[in-house]
Structures are given as structure tokens and as C-alpha cells.
Amino acid sequence: MGIEGLVSALRDEAAREETALLAAADSRVTEIRAEADARFAALNDEAGRIEAKCRALEEALRKSAKKNAARKRLAAAEQAYAHAVREECRALFRNFMKTPAYAGFVTEQYKAAAGELETVERVAADAHTAAALKNAVDNGVVVETAPDIVDGFAAYGPRGRIAIWSTFDTRFEKAWRRGGPAYALVIAEVAQHGI
């Protein structure tokens, strides 16, 4: 074999190796492309699931916000009706305070406080109640007008201990605890349906 034969054989061998390398590279590119396509499809599916989950969460948040807003409006309406009831009761009580029967009522309330406390040293009251109590309290008990006491009185025992607050607000709170829950249902119904 001469040089030309050797060069020709080397060229043939190089061409075969090049063809084999190109075939191997082409096969590997096909594998890589298939893996990339599969990975892309999996990522695309995952992105679709995440987007669907986000849409569902956004919808749930929107519905929740709508429900919360409705609850807040209802609670505000219930609060407004309850406040209106309280203020109507306060107005009725203040009308009662202007009647002659109020002096007897306050006297009975004072006697109950004095019985509970045993010793009353002083009574703080609004101006109208203080005037009604002047003749009802025992000698030596100071009856004073207090600007922070509204619609009733507070009886103080030895060393300034409060025996009882007998004001509209304290009586209303006690009455509300007993009957308020049932009335609150009526208020809620009125607030919800505007009856």
C-alpha cells in the first residue's frame, strides 16, 4: 500500500468516525430534546396546577372578603339597633326620674344597697337623684352630687369601698344579661331584613 492508499484509508476511517460521532451526537441531541420536552411539559402542567390553585385561592379570598363585609355591615346594623334600644330605654328611665314615683324607687334601691353594705358612709349621685335621696339616707351619711355618676347613685361603705352602683347603666346591663340574648335575636333579624 502506498501513501495514497494510506491517505485514502485514513480519510475513509476519519469519515466513518465522523459519521459515527455525528450519529451519536444526533442521537444524544434527540434524547436531550425529548428530556427537555418532557421536563417542559411537566413544568407547564405544574404551572397550570399552580395557576388554578391561585385562581381558586383568589376566588375564596374574594368570597371571604364579601362575607366579612356583609358580616361587618350586619354587626354595625345590630350595634346601631342595640344602641337605639339602649338610648330609648335611657329616655324612658329619664322620664321616670321626673315622676314622683322615682323618689320611692331610689329609696328602695338605697335601702337594698345599705342592707348589702351594712354601713354606708357616703352616697354620690346625679343632681336629681341626690335631691330625691336627701330624706331617705340615715343621719351622718353624706349625699353628694357627682358629675361622673349619671342617672342614679353609688353607695360607698367604710374606707371608700363601693357597695353598689345603682344607675341606669348598671341596671340596664343586668337586665340585658338576663333578657338581652333573646332580644338580640330580634335585633339581628331586624338588622338583617330591615323589618
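Residues numbered from 1 in each chain as written. Predicted model: local features only at pLDDT ≥ 70, side-chain atom pairs only at ≥ 80, totals over all residues. Heavy atoms only, no water.

Novice: Account for unusual backbone geometry, with residues named and values stated.
Specialist: We note that Asp-151 has phi near 60°; this positive angle belongs to a residue other than glycine. As for its placement among the helices and strands, Asp-151 is situated in the loop between β2 (142–145) and β3 (152–156). Using a relative accessible area of 5% as the deciding quantity, one classes Asp-151 as buried. (Helix = DSSP H or I, 4+ residues; strand = E, 2+ residues; numbered from the N terminus. Buried < 20%, exposed > 50% of the residue type's maximum accessible area, 1.4 Å probe, protein only.)

Novice: Break down the nonpolar core for me, citing the residues and quoting the values.
Specialist: One finds Tyr-110, Val-120, Val-123, Leu-133, Val-137 and Phe-153 to be the most contacted residues of the largest nonpolar core, which totals 22 residues. Taken together, the elements giving at least two residues each to this core come down to α1 (3–97), α2 (101–117), β1 (122–125), α3 (127–133), β3 and α4 (168–193). It is α2 that provides the largest number of residues to this core, a total of six residues. Those residues in contact with Leu-133 that lie beyond four places of it in its chain are Val-106, Thr-107, Tyr-110, Val-123 and Phe-153. Ala-146, Ile-149, Ala-154 and Tyr-156 belong to the second-largest nonpolar core, a separate cluster that totals five residues. (Core = buried A, V, L, I, M, F, W, Y, C linked by side-chain atoms within 4.5 Å. Contact = heavy atoms within 4.5 Å.)

Novice: Quick rundown of the pairing of β3? Include the residues and the values.
Specialist: Burial of β3 is extensive: five of the five residues sit out of reach of the surface. Neither face of β3 is left uncovered, since the one carrying Gly-152, Ala-154 and Tyr-156 and the one carrying Phe-153 and Ala-155 both have all their residues buried. Here four bridges tie β1 to β3, and the two strands are oriented antiparallel to one another. Residue pairing across strands places Ala-125 opposite Phe-153, the latter belonging to β3. (Pairing = 2+ DSSP bridges.)

These values are about where atoms sit, not about what they do.
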